[in-house]
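Examination of the molecular architecture
Each chain, letter by letter, is given below.
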Amino acid sequence: MRGRRRQSFLHGAVILGVATVVVKLIGAMFKIPLTNLIGGVGMGDFTIAYDIFRPLNSLAIAGLPVAVSKLVSEQAATGRLRDARKILHLSTLLFLVTGAAGFVVMFFGARLFAGFLKSPDSYLTIAALSPAVFFCCMMSAYRGYYQGLKNMYPTALSQMVEAAVKLLCGIALSVLFMAFARGSLASGESVLHTLYPGASQDEVMVYQFGAVGAVLGVALSTLAGTVFLFLRHHLGGDGLTREELAACPPPASSRVLLKRMVLIAVPVCLGSVATHLTTLIDLMSIMNRLDHAMTGNAQALLSMYQGLIPQGYSVTDVSKYLYGSYSGIAVNIFNLVPSLTTTLGVSILPAVAGAFATRNLPEVKRNVESVLRVTAMVAIPAGLGFMALSEPITMLLYGSKPMEAMIAAPLLRSLGLSVIFVSLTTPINAVLQAVGRVSVPVKLMVLGGALKLAVNFVLVGIPGVNIQGAPVGTAACYLLIVLLSLWVLRRATSVQISYLRVFGKPLLAGIACAFAANASYGLLLRAFESRLVTLLAIGIGMLFYAAVLLLCKGIYREDVLMLPGGEKIAKILEKHGLIG
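Because the structure is predicted, anything quoted here is derived from the model rather than measured.

Let us look at the overall build of the protein. Looking only at helices and strands, the protein has 22 helices and zero strands in total. Relative to the 2.2 N^0.38 estimate, which gives 25 Å for 580 residues, the radius of gyration of the protein is 24 Å and therefore close to what a compact globule would have. Over its C-alpha atoms, taken along the principal directions, the protein stretches across nearly 70 × 55 × 40 Å. Looking at the protein residue by residue over its 580 residues, the buried ones come to 55%. Of all intrachain contacts in the protein linking residues separated by at least 6 positions in sequence, the fraction that spans at least 24 positions is 83%. Accessible surface computed for the protein: about 23200 Å², of which carbon and sulfur atoms make up 69%.

Right, let's talk about the pattern of salt bridges for a bit. Counted according to the given criterion, the structure contains seven salt bridges. Measuring nitrogen to oxygen at the nearest pair gives 3.1 Å for the salt bridge that ties Glu369 to Lys365. In this pair, Glu369 and Lys365 are both assigned in helix α14 (residues 361-388), four residues apart and thus about one turn of the helix distant. A relative accessible area of 8% places Glu369 in the buried class. Linking Glu369 and Arg501 is a salt bridge whose minimum nitrogen-to-oxygen distance equals 3.7 Å. With Glu369 in helix α14 and Arg501 in helix α19 (residues 499-527), this pair connects stretches of sequence that are 132 residues apart. Arg501 sits in the partly exposed class, given a relative accessible area of 27%. Look at the salt bridges and you will find they share partners, linking Lys365, Glu369 and Arg501 into a network.

Turning our attention to the nonpolar core. Among the nonpolar cores identified, the biggest contains 154 residues, and Phe46, Leu129, Tyr145, Tyr326 and Leu372 are the most heavily contacted of them. The element best represented in this core is helix α1 (residues 9-61), accounting for 17 residues. Filtering out sequence-adjacent residues up to four positions away, Leu372 remains in contact with Leu424, Ile428, Leu486, Ile497, Val502 and Phe503.

Rules and cut-offs
Residues numbered from 1 in each chain as written. Predicted model: local features only at pLDDT ≥ 70, side-chain atom pairs only at ≥ 80, totals over all residues. Heavy atoms only, no water. Helix = DSSP H or I, 4+ residues; strand = E, 2+ residues; numbered from the N terminus. Rg over C-alpha atoms; globule rule 2.2 N^0.38 Å. Buried < 20%, exposed > 50% of the residue type's maximum accessible area, 1.4 Å probe, protein only. Contact = heavy atoms within 4.5 Å. Areas by Shrake-Rupley, 256 points an atom, 1.4 Å probe, with all protein chains shown as cover. Salt bridge = Lys/Arg side-chain N within 4 Å of Asp/Glu carboxyl O. Core = buried A, V, L, I, M, F, W, Y, C linked by side-chain atoms within 4.5 Å.

Shown next, in the form of structure tokens:
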């Protein structure tokens, strides 16, 4: 049996971060061709299925991965490894039940969900994605266990397996389903007209059926991830030796451990559901308010997108088209950054939980400041960069769908500031959960979601604003959450965070990055017109960011030492006077 692998939180975050980059690259290879394949209407159906899946999946998982990770890290820190093993066994049984229940609700409730969202033709896409609820639950038990042991490799590898299978199966099935749909229509068969009675055009039905194939590929990818983790655990083991287990006291009773898991999991579950409910709020409020805006003054709305919306679309099709452009392009690009900082939240939770369990408050402070600083170093330049290069980025990635990309460009620009706030939310929530304030994130998310709903209701319903109001609601929601979360964190831990030290230098370097990228794009575009110009401008902005960050000593020794090979890197930076 291999020895137990343990990493510092930043080392673990690097492992998960690398995996996330690989997953996002594979995801881009999936989402970008898929968007080009099934268009705005198909992506609208695809996104609707995902927006139903996320809160149901969160409810089925029920906060147990966080509970498992927190409890396992606490047991490992206090030498109760037999309890850790027992927690894995209990959580697997719980996930088996909750995953099956989630699958049943999503599959048999597909028509109800689709009707409630005023998109009845989306029911097939929702039903096709339902098996993913069960398999995601089974994966979460293993991932939470290994994260609690501070071993991020199983999680990282399973994510890459899942992404690869999604790419292969999702695109292949989408192409096959669309070919079947076109063949069915050409032969005069009425199966598609039966499945999609509300479609205004034959091509719309083809796109919608392509979305069904894509989500089936996603469901198969979760099955592949589950099989990988099962084999990895049973063939490779968890690294706990017989000697270590023999030296541990007897484990607590199943009843005691289950009670502790539930006490942590329930508020975390509610917080996770509330988080995904903000996405549902977007879906419900935007679609409904867009319909309202179209009904009230269609000319005012359509005049904003002259030449960008295909002719002959019904009111519902226009709403779905705009929402698909927003969620399928702007939000997809926007989500690249929070997905990276989520890895910091996953990795920081067991580190802070272990330190807080042993009342090592200096270690808690060091970890909290480090995770906030590293998050800022990633999120600030990315968010400001989106604001500086929104149109070039959307055209670079979705150039084969230029109308949807042009609609998404100003939306991505407006989402730039939100990138920073959303990226900070997950690490801060993880710290609050680690120190026992597990109910705080759900309360704040409900408060932020209410603000988001109010902003969407007012702005999106105005024909002259319409979909452009959605990013404003997102920014308001997460700014409120971040400010209140930091206030609660200070009260809960008595940790005095140096905000200037944490955020000041990344902000200065981020502003330099955005100005450099924007200026270089304009200059290069005068020399030659090519998509390569966007990549060169992004590269120049990154170089300016790194240079300013190093020159103002925005990288700190304590952060570098937590990296793999950190001592060597720190010595090199110290030699040149580039470390804080």
